[in-house]
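Spelled out from the first residue to the last, the chains are:
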Amino acid sequence: MDDTPVEGLETNLEEQLRILIVGASGGGKSTIGNVLLGKEAFKVSPSPHQMSSTTVKAQLGAGERCGQRLIVRT
């Protein structure tokens, strides 16, 4: 996993919704994470026909949707 600090993780843990997305390689976990966060927090392939995965390590993203603080890990 990348140890780079993610903006917003300093928020009180009780005020966060933490989501872990698991699945097969190339299954769209990063895309789902981006949709949940409402921004491009995770790198995704520009082509749906790419034969290899874009992500090789777990990623962490933070954002806010509908007034709820979200922490997403893919």
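Look above for the structure.
As the structure is a prediction and not an experimental result, all values here were calculated from the model.

Draft legend 1. Examining the overall build of the chain more closely. If you tally the helices and strands in the chain, you get one helix and three strands. When its helices and strands are written in sequence order, the chain yields β-α-β-β. For the chain, the proportion of its 74 residues judged to be buried stands at 26%. Taking the contacts inside the chain whose residues are at least 6 apart along the sequence as the reference set, 56% of them involve residues at least 24 apart. In the structure as shown, the chain presents an accessible area of about 5,400 Å², 55% of it carried by carbon and sulfur atoms.

Draft legend 2. Structural context of the environment of glutamine 68. By the secondary structure assignment, glutamine 68 is in strand β3 (residues 68–73). Given a relative accessible area of 32%, glutamine 68 falls into the partly exposed group. Counting along the chain gives 53 residues from glutamine 68 to glutamate 15, while the straight-line C-alpha distance between them is 7.7 Å. Leaving out residues up to four positions away in the same chain, glutamine 68 has contacts with Glu15, Gln16, Leu17 and Gly63.

Draft legend 3. Broad picture of unusual backbone geometry. With a phi angle near 50°, cysteine 66 is a residue other than glycine that sits in the positive phi range. Residue class for cysteine 66 comes out exposed when judged on its relative accessible area of 85%.

Draft legend 4. A look at helix α1 (residues 29–37). If you check which residues of α1 are buried, you get Lys29, Ser30, Gly33, Asn34 and Leu37. Considered in projection along α1, the buried side chains sweep an arc of 140° and stay on one side of the axis. Packed against the buried residues of α1 are β2 (60–65) and β3. At the C-terminal side of α1, glycine 38 shows a positive phi close to 75°.

Draft legend 5. Main features of the pairing of β3. Here strand β1 (residues 16–20) pairs with β3 via five bridges, running parallel. Pairing of leucine 20 across the sheet is with arginine 73, part of β3. Across six bridges, β2 lies against β3 in antiparallel orientation. From the neighbouring strand, glycine 61 faces β3, where its bridge partner is valine 72. Connecting β2 to the next strand, β3, in antiparallel fashion are two residues, including cysteine 66 with a positive phi near 50°.

Draft legend 6. Region of the structure containing the sheet that holds β1. Strands sit in the order β1-β3-β2 across an open sheet of three strands; the sheet is mixed. Every interior strand has two partners, whereas the edge strands, β1 and β2, have only one. In this sheet, neighbouring strand axes are inclined to one another by 25° on average, regardless of whether the strands run parallel or antiparallel. Along the sheet, α1 makes contact with β1, β2 and β3, crossing β2 at roughly 30°.

Cut-off values and rules
Residues numbered from 1 in each chain as written. Predicted model: local features only at pLDDT ≥ 70, side-chain atom pairs only at ≥ 80, totals over all residues. Heavy atoms only, no water. Helix = DSSP H or I, 4+ residues; strand = E, 2+ residues; numbered from the N terminus. Buried < 20%, exposed > 50% of the residue type's maximum accessible area, 1.4 Å probe, protein only. Contact = heavy atoms within 4.5 Å. Areas by Shrake-Rupley, 256 points an atom, 1.4 Å probe, with all protein chains shown as cover. Arc of directions from axis to C-beta. Pairing = 2+ DSSP bridges. Axes fitted to C-alpha atoms, helices over the stretch in contact; angles between N-to-C directions.

Read these as geometric descriptors, not functional statements.
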